[in-house]
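# Topology and contacts: notes
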Amino acid sequence: MAIRERLSGNEAVATAMKQINPDVVAAFPITPSTEVPQYFSQFVANGSVDTEFVAVESEHSAMSACVGASAAGARVMTATSANGLALMWEILYIAASSRLPIVMPVINRALSGPINIHNDHSDSMGARDSGWIQLYSEDNQEAYDNIIQAIRIAEHKDVRLPVMVCLDGFIVSHSVENIELLETEKVKEFVGEYDPGLDTLLNPEQPVAMGPLDLPPHYFEHKRQQAEAMKNAKKVILEIAKEFEALTGRKYGLFEEYKMEDAEVAIVVLNSTAGTAKEVVDELREKGVKAGLIKIRVFRPFPVEELRDALKHVKAIAVMDKADSFSAAGGPVFVETRAALYDAETKPVVINYIYGLGGRDVRTNDIMKVYNDLLEIVETGEVKSVYNYLGVRE
Amino acid sequence: MKDNKKVTITTETTWKEITPGGIIYEAGNAHNYKTGEWRSMRPIWNSEKCKQCLLCFPVCPDSSILLEDGKVVGIDYDHCKGCGVCVEACPFKVFDFVKED
Ligand code: SF4
Ligand code: SF4
């Protein structure tokens, strides 16, 4: 029997980590992810896990310690947010290119400056090209479920890449929700014993060196191989989701389609805003409007073909970005979604809304405005503006 | 990465064969890396002029002055990067220092 609990997002994440009982957690506290290492250090202190907890002096060191421990053959986790993630930047690339299956909850928060501790996606979007797999979570339940699946995805022999599990700071991390936990034995059975293989720094049978100099004759081949692992990840993510569904009844894919079968207008969005948007979709559906929603769960690898198939019959689409990429032409999710549709035979209109930066509230009436804009486009055939800001004072 | 075979990575190694993350299985493999490919100047050792004082040998940063039985016998051009330190160090002007073709 699953365990019913009331937990905040951070507690849910820390609980998943407790049940996984990784070998090493190296972490530094930063709002709003502070509670994750805080709860976890309590689990270490009271003996409910036998993890080696490394209290470091910065996030750069946290990720460096994770890289070292993972290279040594340990199952390794950490957690961070915003500027903490930015401080890990250099080492994020090293973790990914060294093919180390580290799992890290990222509690999304705006990047400074100006200093802001509230939620948007500028942190994880900034790390999108670092070679980490990125999973996004709408609520506490998904955050918990994603962490457990992330271990298997990261460690799969065809993947061997680190995974970020993203969830919205405060909105999810500090909100208490009802959640269904797996029994610890079931989590342990699902994630299994970690087998790092022979190529570890602490294997006396086969000494190896890691992190070599890799000049023009070889670097490109390594990047190509890394790209292949990212391609493989899509299939692996789906396989593991199937196993997870068999265990829990909870279904996960590369993205969630909400009332998309006959949708004429749709929003594409990540994380908790999807919950708000579903309310609006329901409201519109009651009025007979064919509205739908796509919530992207897997942003890296980006599900190009699958998204194209899910969206090609829609007449007008709004991609909502909780981060600006300052290209002066649209946010990161917009650019990639629109590119995915380039190969569709019938090309829907795709517009972009930058929204919710620095924790600006996004209410159902904001989302309603987006659907109304889409409906107007469908009706008039006219696109007034492709690149828009939602909820900023004009 | 359980099934990795120990491979010597060369410029022929494809992305499918290369070791994940560039793992190195072989100790001391810097020897296989031909730093001599960078060379633009070549020191030429003239055996008949050499007094075997061995002042050139310890200054070479690439251990490229080849010795046999305590005597200089030539230069390891696979690793000599052409820095010219040996040329400067030789009190008997034994080396010619010429442009690489
Ligand atoms: S040129 Fe430099 S690298 Fe070459 S043999 Fe002389 S000292 Fe060594
Ligand atoms: S320094 Fe000159 S003379 Fe002395 S061993 Fe070297 S080449 Fe010969």
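Just so it is clear, the structure is predicted and the values come from calculations on it, not from any experiment.

## Here's the deal with the overall build of chain B
In terms of helices and strands, chain B carries one helix and four strands. In chain B, the succession of helices and strands from N to C terminus is β-β-β-α-β. Here the C-alpha radius of gyration of chain B, 18 Å, is well above what a compact globule of 101 residues would show, namely 13 Å. Across its three principal axes, chain B shows a C-alpha extent of roughly 55 × 30 × 20 Å. Counting over 101 residues, chain B shows a buried share of 32%. A total accessible area of about 6600 Å² is found for chain B, and carbon and sulfur atoms account for 52% of it.

## Let's talk about the overall build of chain A
From N to C terminus, chain A includes 12 helices and 15 strands. Taken against the 2.2 N^0.38 rule, which gives 21 Å for 394 residues, the C-alpha radius of gyration of chain A at 21 Å falls within 12% of a compact globule. If you line up chain A on its principal axes, its C-alpha atoms span 70 × 55 × 45 Å. The buried share of chain A, reckoned over its 394 residues, is 57%. The long-range fraction of contacts in chain A, counting pairs at least 24 apart against all pairs at least 6 apart in sequence, stands at 81%. As displayed, chain A has an accessible area near 16200 Å², and 52% of this comes from carbon and sulfur atoms.

## Topic: the sheet that holds strand 14 (residues 349–355) of chain A
All names here are of chain A. An order of 9-11-10-13-14-15 is seen for the six strands of this open sheet, with the pairing classed as mixed. The sheet is open, and its two edges are formed by strand 9 (255–258) and strand 15 (387–390), each paired on a single side. The average angle at which neighbouring strand axes cross in this sheet is 25°, direction not considered. Against the sheet, helix 9 (residues 273–286) makes contact with strand 9, strand 10 (265–270), strand 11 (291–296) and strand 14, and its axis sits at roughly 165° relative to strand 11, the strand it touches most. Contacting strand 10, strand 11, strand 13 (316–321) and strand 14, helix 11 (residues 332–340) runs over the sheet at an angle of about 145° to strand 13.

## Here we look at the site of ligand 1
Around ligand 1, the surrounding shell consists of Pro43, Cys60, Pro61, Asp62, Ile65, Cys80, Lys81, Gly82, Cys83, Gly84, Val85 and Cys86 of chain B. Across the shell around ligand 1, the residue classes tally to eight nonpolar, two polar and two charged.

## What to know about the packing of aromatic side chains
As enumerated under the stated definition, the model contains seven aromatic pairs over all chains in all. Seen in terms of ring centroids, tyrosine 33 of chain B and tryptophan 38 of chain B are 6.5 Å apart; in terms of plane orientation they differ by 75°. Their pairing is edge-to-face. Aromatic ring contacts, followed pair by pair, group Tyr136, Phe299 and Phe302 of chain A into a single cluster. Over the aromatic face of tyrosine 258 of chain A sits the side chain of lysine 278 of chain A, whose NZ or CZ is 5.6 Å from the ring centroid. The ring centre of tyrosine 342 of chain A lies 5.4 Å from the NZ or CZ of lysine 347 of chain A, which sits over that ring.

## Points about the interface of chain A and chain B
Taken together, the contact pairs 23 residues of chain A with 20 residues of chain B. With both sides pooled, the region where chain A packs onto chain B buries about 1900 Å², and carbon together with sulfur makes up 63% of that total. Between the two partners, chain A and chain B, sit zero salt bridges. Taken together, the connections running from chain A to chain B amount to six residue pairs in polar contact (both at pLDDT 80 or more). The biggest single contributor to the side of chain A that touches chain B is helix 8 (residues 219–248) of chain A, with five residues. Among the residues forming the side of chain A that touches chain B, the class breakdown is nine nonpolar, seven polar and seven charged.

## Section: the pattern of salt bridges
Residue and element names in this part refer to chain A. Using the criterion set out here, one finds 29 salt bridges over all chains in the structure. Between arginine 308 and aspartate 309 there is a salt bridge, with its nearest N and O atoms 3.9 Å apart. For arginine 308, a relative accessible area of 19% translates into the label buried. A residue is classified by how much of its surface remains accessible, and aspartate 309, at 40% relative accessible area, is partly exposed. Counted as one network, the salt bridges with shared partners bring together Glu138, Glu142, Glu256, Lys278 and Lys295.

## Details of the confidence of the model for chain B
Per-residue pLDDT for chain B has a mean of 91; in total, 94% of the residues score no lower than 70. Prediction confidence for the complex, expressed as pTM and ipTM, is 0.91 and 0.87 respectively.

## Points about the packing of helix 1 (residues 9–20) of chain A against helix 2 (residues 35–45) of chain A
Residues and elements named next belong to chain A. At a closest axis distance of 9 Å, the pairing of helix 1 and helix 2 adopts a crossing angle of 40°. The angle between helix 1 and helix 2 places the two elements in the oblique class. In the crossing of helix 1 with helix 2, the sense of the turn from one axis to the other is right-handed. Residues Asn10, Glu11, Val13, Ala14, Thr15, Met17 and Lys18 of helix 1 pack against Glu35, Val36, Tyr39, Phe40 and Phe43 of helix 2.

## Regarding the nonpolar core
Residues and elements named next belong to chain A. In this structure, Met63, Ile133, Ile148 and Leu311 are the most contacted members of the largest nonpolar core, which totals 100 residues. For methionine 63, the residues in contact, after removing those within four places along its chain, are Thr78, Met88, Ile91, Leu92, Ala95, Ile102, Met104 and Trp132. Judged by nonpolar contacts, the second largest core, of 26 residues, contains Val280, Ala316, Tyr353 and Val370.

## Let's talk about helix 12 (residues 364–380) of chain A
Residues and elements named next belong to chain A. With 17 residues, helix 12 extends 24 Å from end C-alpha to end C-alpha; this agrees with the ideal 24 Å at 1.5 Å per step. For helix 12, the full list of buried residues reads Asp366, Ile367, Met368, Val370, Tyr371, Asp373, Leu374 and Ile377. Note on helix 12: the residue one or two positions beyond its end, glycine 381, has a positive phi of about 75°.

## Topic: the packing of helix 6 (residues 140–155) of chain A against helix 7 (residues 184–191) of chain A
All names here are of chain A. Where helix 6 meets helix 7, the axes come as close as 9 Å, and the angle between the chain directions of the two elements is 35°. Note on element contacts: helix 7 touches helix 6 through Val187, Phe190 and Val191, opposite Tyr144, Ile148, Gln149, Ile151 and Arg152. Grouping the amino acids of the contact of helix 6 with helix 7 by side-chain chemistry returns six nonpolar, one polar and one charged.

Rules of the game
Residues numbered from 1 in each chain as written. Chains lettered and ligands numbered in written order. Predicted model: local features only at pLDDT ≥ 70, side-chain atom pairs only at ≥ 80, totals over all residues. Heavy atoms only, no water. Helix = DSSP H or I, 4+ residues; strand = E, 2+ residues; numbered from the N terminus. Rg over C-alpha atoms; globule rule 2.2 N^0.38 Å. Buried < 20%, exposed > 50% of the residue type's maximum accessible area, 1.4 Å probe, protein only. Areas by Shrake-Rupley, 256 points an atom, 1.4 Å probe, with all protein chains shown as cover. Contact = heavy atoms within 4.5 Å. Pairing = 2+ DSSP bridges. Axes fitted to C-alpha atoms, helices over the stretch in contact; angles between N-to-C directions. Near = heavy atom within 4 Å. Nonpolar A, V, L, I, M, F, W, Y, C, P; charged D, E, K, R; others polar. Phe/Tyr/Trp six-rings, centres within 6.5 Å; stacked < 30°, edge-to-face > 60°. Lys NZ or Arg CZ within 6 Å of the ring centre and 35° of its normal. Buried area = accessible area lost by both parts, 1.4 Å probe. Salt bridge = Lys/Arg side-chain N within 4 Å of Asp/Glu carboxyl O. Polar contact = N/O pair within 3.5 Å; in protein donor to acceptor, adjacent residues only side chain to side chain. pLDDT = per-residue confidence, 0-100. Parallel < 35°, antiparallel > 145°, perpendicular 65-115°, else oblique. Left-handed = near helix turned anticlockwise from the far one by under 90°. Core = buried A, V, L, I, M, F, W, Y, C linked by side-chain atoms within 4.5 Å. Expected span 1.5 Å × (residues − 1).

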